[in-house]
Amino acid sequence: MWDDAFPSFLIGLREGLEAGLIVSILIATLVRAEARSRLPQVWTGVLAAIAVAMSFGAVLTFTAASLSATAQEAFGGTLGVIAVAFVTAMVFWMRRSARSLSGELREKVTGALAMGSGMLVLTSFLAVGREGLETALFLWTTARAAGESAGPLTGAAIGLVLAAGLCWGLYRRVLKINLTRFFTVTGGVLIVIAAGVLGYGLRDLQEGGVLPGGTAYAVDLTGSVDAGSWYSTLVQGVFNLTPAMTWLQVVAYVAYLAVVMTLFVRGVRATTPKPAAERSAPEPKAARPQRRRPVWVIPAAVVAVPAVLAGLVVALSRPKPAGDQTVAVSETECGKGFTAPRPGRQTFQMHNTGGRTSEVYLIDPSTSAVYGEIEGLAPGTTRDLVATVAGGTYAWRCVPTGGKAVTSKAVRVSGGGAAKPVVPVSAQDLAAPLKAYRTYVEQGLATLVAQTRTLDDDIEGGHLDRARTDWLTAHRTYASLGAAYGTFEDFDQKIDGRPDGLPNGVQDKDFTGFLRLEHGLWHGEPAKSLRAPAQQLADAAAGLQKAFPAQEFDPGDLPLRAHEILENTLQFELTGDTDQGSGTGLATADANLAGTRELLTVLQPLLTSRAPRLLPTVEADVARLQKLLDAAHDGTHWTPVDRLAATDRQRLDGATGQLLEDLAPVPDLLEIRKSA
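Residues numbered from 1 in each chain as written. Predicted model: local features only at pLDDT ≥ 70, side-chain atom pairs only at ≥ 80, totals over all residues. Heavy atoms only, no water.

### A short note on the sheet that holds strand 5 (residues 344-352)
Spatially, four strands are ordered 4-3-5-8 in an open sheet, and the strand pairing comes out mixed. Each having just a single partner strand, strand 4 (334-336) and strand 8 (382-389) make up the two edges of the open sheet. Geometrically, the sheet is characterised by an average inter-axis angle of 35 degrees between neighbouring strands, direction not taken into account. Here strand 3 (residues 326-329) runs beside strand 5; their pairing, made up of four bridges, is parallel. Among the inter-strand pairings, A328 is bridged to a residue of strand 5, identified as H351. (Pairing = 2+ DSSP bridges. Helix = DSSP H or I, 4+ residues; strand = E, 2+ residues; numbered from the N terminus. Axes fitted to C-alpha atoms, helices over the stretch in contact; angles between N-to-C directions.)

So this is what it looks like as structure tokens:
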């Protein structure tokens with residue numbers, strides 16, 4: 001996408017032109033000094049600079065990939081801030097140095113000619129290497145901000161190719177460009193882009209836990225700005241401005257832009273440097289010819305050395321199996337072969353040598369907190385378990401099916417910062433939230449029974465307009481009990497079953513419940529034909545109320561439903577899939593959100609102690625989605641999903657998707673893990 005490619009295009013064009021001008025001056029100096037035989041030495045230095053820059057980019061990419069998610073945020077944020085510093089320094093350096101760049105380089109070439117080929121290689125390497133490292137760092141940062149590499153790399157490639165063409169034209173005197181104006185304009189644009197990169201980098205540091213204020217939003221336009229629209233994508237891609245920004249991001253963005261742009265503009269007014277290509281300097285004398293060696297030796301070396309060094313850095317940073325050994329799992333032995341691992345992201349190869357399927361956990365033996373796990377490791381199989389290891393005590397716990405838990409000998413790891421394990425949850429821990437939620441459901445069922453009886457009376461009396469209103473009220477009550485779907489057994493199909501899969505669809509005799517009545521009420525059926533379905537619905541609601549106290553409710557369902565309710569909402573209500581003519585899918589979605597909010601309320605004590613930053617983020621997501629749903633109805637009238645404006649529908653889908661993404665850790669955090 002061009003929005004992701006433009007910042008990289010600009011940096012590629014500007015850095016490429018800077019490096020190209022430097023190379024052009026070096027070459028022109030040698031040509032005028034009648035030392036063309038020394039040109040390969042200049043190109044060798046340039047090649048070395050390119051190799052170092054590419055190796056640097058590879059190290060950044062693969063080093064970041066081996067870190068944990070939180071560490072990646074902190075690493076990326078730190079490099080983002082460094083990239084801003086480099087780009088800012090580059091903009092001011094070029095403004096100051098343009099007047100004397102040509103003369104300085106020619107003096108260096110003159111000295112290098114007198115000192116031998118090695119110095120000429122070093123001179124060209126140092127002259128170009130700065131631009132290469134700046135380009136690699138900025139490209140890595142912008143690619144990470146964009147979330148993909150194709151756009152930024154494409155933009156940078158186009159910018160570099162265009163810069164090479166311009167430099168060739170300037171060297172051959174085919175083109176005339178006001179370089180002072182070019183560097184001034186691009187410098188100003190880069191300052192604006194750098195301000196956005198700074199804001200993005202600080203946000204990464206907040207998400208990585210390095211800086212505070214991650215939930216203190218100064219601007220939150222997600223309810224009115226569609227993050228997926230073309231204009232929003234363009235602004236985010238080019239300027240790194242997002243619909244929601246924290247106070248730290250906004251203050252840093254404004255302060256950087258105000259200070260740096262002011263200094264830059266004042267400097268431009270105070271100085272009017274001439275383009276480097278317009279000045280001349282004393283031409284050096286040709287040095288005596290040097291003894292020749294094979295032309296491929298030095299170029300091969302300057303490419304191979306940084307590539308090998310980068311490969312070593314990447315290899316050392318990649319996760320390895322602890323102790324380069326597999327860890328055995330069985331009914332009698334757990335963690336055989338386990339030795340103290342190195343701190344960092346580690347991959348353990350777990351091999352089940354026993355005869356039973358086993359659950360495997362990497363734990364802190366003093367608290368049983370879990371750092372990593374494998375569920376259902378079958379006999380004779382090997383699977384990888386990836387976990388972040390830091391300073392602390394570690395052991396393996398294996399729970400074979402039908403057997404007793406076995407815990408390995410503990411090992412101690414020193415240094416390496418801190419890794420946050422998941423504190424285990426037991427059925428007893430979920431007992432209080434489950435009791436509170438069962439009470440909520442029981443109260444909701446009592447309300448539902450009364451509402452379905454009112455609906456039945458409406459239809460019995462032929463008051464279909466009133467029945468449509470009462471139908472929506474009752475249906476929303478049932479939808480708000482979404483977490484209990486798994487315990488309603490056959491009653492759910494009778495109360496809220498869809499016609500999908502029935503032989504005769506909406507005309508099938510087994511099509512009953514709310515959706516059957518919805519189809520009839522909004523398709524002109526007479527009250528006479530709706531009396532039987534209305535009576536069936538009221539009876540099913542009463543039957544569920546009577547059966548519910550004796551129904552089993554797995555406590556492990558609570559954390560699962562926190563995610564599944566809205567997952568179903570996104571799949572059915574927000575697509576209009578369940579709509580039978582009323583156009584009230586958003587009303588049902590609103591009720592589903594209320595059910596999710598109730599679940600989060602009863603689970604709050606457990607979540608707060610295990611992931612204190614999760615709930616504030618989720619609550620902000622819930623408020624954002626609630627605001628969008630509130631905007632979709634006026635009094636008792638709800639906008640049908642298929643009549644929403646495209647941007648409004650995208651906002652709803654995006655807000656629901658974001659909430660689902662932030663709710664995704666809940667089932668893992670509150671999973672009941674086997675301990676015996």
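### Structural notes on the confidence of the model for the chain
Per-residue confidence for the chain gives a mean pLDDT of 80, with 77% of residues at or over 70. Per-residue pLDDT stays below 50 along residues 272-291; that stretch engages in 33 contacts with residues further than four places along the chain or on separate chains. (pLDDT = per-residue confidence, 0-100. Contact = heavy atoms within 4.5 Å.)

### Let's talk about unusual backbone geometry
Residue S368 is not a glycine yet carries a positive backbone phi of 65 degrees. Mapped onto the secondary structure, S368 falls in the loop between strand 6 (358-364) and strand 7 (369-377).

### What to know about the nonpolar core
Nonpolar side chains in soluble globular proteins tend to end up buried together. Among the nonpolar cores identified, the biggest contains 68 residues, and L586 and L607 are the most heavily contacted of them. In terms of residue count, the dominant contributor to this core is helix 17 (residues 585-610) (ten residues). By size, the runner-up hydrophobic cluster in this structure holds 29 residues, among which are L139, L190, A252 and Y256. (Core = buried A, V, L, I, M, F, W, Y, C linked by side-chain atoms within 4.5 Å. Buried < 20%, exposed > 50% of the residue type's maximum accessible area, 1.4 Å probe, protein only.)

### What to know about the side chain of T584
Tracing the sequence through the fold places T584 in the loop between helix 16 (557-571) and helix 17. When its relative accessible area of 9% is taken as the criterion, T584 is described as buried. A polar atom in the side chain of T584 sits 2.7 Å from the side chain of S582. Those residues within four positions of T584 in sequence are excluded, and the remaining contacts are W471, L472, E518 and D579. (Polar contact = N/O pair within 3.5 Å; in protein donor to acceptor, adjacent residues only side chain to side chain.)

### Brief notes about the packing of aromatic side chains
One pass over the full model with this rule turns up eleven aromatic pairs. Pairing Y437 with F553 gives two aromatic rings, centres 6.4 Å apart and planes at 85 degrees, and the pair type is edge-to-face. Separated by 116 residues along the polypeptide, Y437 in helix 11 (residues 431-460) and F553 in the loop between helix 15 (527-547) and helix 16 bring together distant segments of the chain. Like Y437, the residue F553 is buried in the burial classification. Aromatic ring contacts, followed pair by pair, group W471, Y478, F488, F514, W522 and F548 into a single cluster. (Phe/Tyr/Trp six-rings, centres within 6.5 Å; stacked < 30°, edge-to-face > 60°.)

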